[in-house]
Amino acid sequence: MKIWYTCKIKHNKELEDGMVKQVTDTFLLDAVSYTDAESRVYEICERDIRGEFTVTQITKTNIAEVINHEDSEKWFKSKVVYATVDGDSDKEVKINTYILVSAETAKQAYERIEEHLNSMLVPYDIPAISLTNILEVFPYDPEGQIPSNLKPLNEVKHDDSDIDESES
């Protein structure tokens, strides 16, 4: 299961009229820990932001899934509620899950969530959709994380002659 973190970055941004204004941007990252999120957000900011910046906040979110459509730059957070039966007490339990979706309007976000959940077998409800201040989403990319001097284990040829029997 992915763990999503919001990271707030404070930096100076030059406006269209040439004025410089201090802004706070929010990014969403898929990371394994706060340390991993901080490390990755520093890499991203060093690459994308000119000048000095400060990471002001890193927060674990309750987002379970991200639906990205390349045609949209706005991010909407939606609450999806569905019911299931508790195995121990045989009582109906409501489960809340949160989905982030890129869309231009709340209506389009609702339609994209409906389309995404159309194969769900249990009935569900979408009681809330709200626009977020998330600027960009960075999912974990295992391909980009391996240094050039290393190879994935599945690409390394296993040769038994390299093993010294005295070490075993």
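Further up the page is the structure itself.
Residues numbered from 1 in each chain as written. Predicted model: local features only at pLDDT ≥ 70, side-chain atom pairs only at ≥ 80, totals over all residues. Heavy atoms only, no water.

So what's going on with helix H1 (residues 34–48)? Which residues, and what values?
For an α-helix, 3.6 residues make a turn, and residues three or four places apart therefore share a direction. The terminal C-alpha atoms of H1, which comprises 15 residues, lie 21 Å apart, in line with the 21 Å expected from a rise of 1.5 Å per residue. Three or more residues of H1 are buried, namely Asp36, Ala37, Arg40, Val41, Ile44 and Cys45. Axial view of H1: buried residues confined to an arc of 155 degrees, hence all on one face. The exposed residues of H1 that point more than 90 degrees off its buried face are Thr35 and Glu46. Where H1 is buried, its residues contact strand E1 (4–14), strand E2 (20–30), strand E3 (53–60) and strand E8 (134–138). (Helix = DSSP H or I, 4+ residues; strand = E, 2+ residues; numbered from the N terminus. Expected span 1.5 Å × (residues − 1). Buried < 20%, exposed > 50% of the residue type's maximum accessible area, 1.4 Å probe, protein only. Arc of directions from axis to C-beta. Contact = heavy atoms within 4.5 Å.)

Can you explain the pairing of E1? Please cite residues and give values.
It is a general feature of regular strands that their side chains alternate between the two faces of the sheet. The pairing of E1 with E2 spans eleven bridges and is classified as antiparallel. Residue pairing for E2: Thr6 is matched across the bridge by Leu28. Where E1 lies against E3, seven bridges are found, and the strand directions are antiparallel. From the neighbouring strand, Lys8 faces E3, where its bridge partner is Gln57. (Pairing = 2+ DSSP bridges.)

Help me get a handle on the pattern of salt bridges, residues and values and all.
Throughout the structure, instances matching the rule amount to three salt bridges. Of the charged contacts, one joins Lys2 and Asp30 as a salt bridge, the two residues approaching to 3.9 Å between their closest N and O atoms. Taken together, the residues Lys2 in the segment before E1 and Asp30 in strand E2 connect sequence positions 28 residues apart. Residue Lys2 is classed as partly exposed on the basis of its relative accessible area, which comes to 43%. The buried category is assigned to Asp30, whose relative accessible area is 7%. (Salt bridge = Lys/Arg side-chain N within 4 Å of Asp/Glu carboxyl O.)

Hey, could you go over the environment of Ile113 for me, with residue numbers and the actual values?
Relative to the elements of secondary structure, Ile113 occurs in helix H2 (residues 106–116). By relative accessible area, which is 0% here, Ile113 ends up buried. In sequence terms Ile113 and Leu100 are 13 residues apart; their C-alpha atoms lie 9.1 Å from each other. Sequence-distant contacts of Ile113, defined by excluding residues within four places in its chain, comprise Ser78, Val80, Val101, Ile126 and Ile129.

Tell me about the nonpolar core, and please be specific about residues and values.
Within soluble globular proteins, side chains that are nonpolar generally end up buried alongside one another. Ranked by internal contacts, the top residues of the largest apolar core, which has 14 residues, are Ile9, Phe27, Leu29, Val41 and Cys45. Elements that contribute at least two residues to this core include exactly E1, E2, H1 and E3. Looking at this core, the element that brings in the most residues is H1, giving four residues. For Val41, the contacting residues outside a window of four places in its chain are Cys7, Ile9, Phe27, Leu29 and Val55. In this structure, Ile67, Ala103, Leu117 and Ile126 belong to the second largest nonpolar core, which totals ten residues. (Core = buried A, V, L, I, M, F, W, Y, C linked by side-chain atoms within 4.5 Å.)

Any chance you could break down the sheet that holds strand E7 (residues 124–131) for me, citing the residues and the numbers?
Across the sheet, which stays open at both edges, the four strands sit in the order E4-E6-E5-E7 with mixed pairing between neighbours. At either end of the open sheet lies a strand with only one pairing partner, and these are strand E4 (63–67) and E7. Mean inter-strand twist for the sheet, computed between neighbouring axes without regard to direction, equals 25 degrees. Bridge analysis of strand E5 (residues 75–85) against strand E6 (residues 92–102) gives eleven bridges, and the strand direction is antiparallel. Looking at E6, one finds that Val85 is bridged to Glu92. Each of E4, E5, E6 and E7 is contacted by H2, which is oriented at about 145 degrees to E7, the strand it contacts most. (Axes fitted to C-alpha atoms, helices over the stretch in contact; angles between N-to-C directions.)

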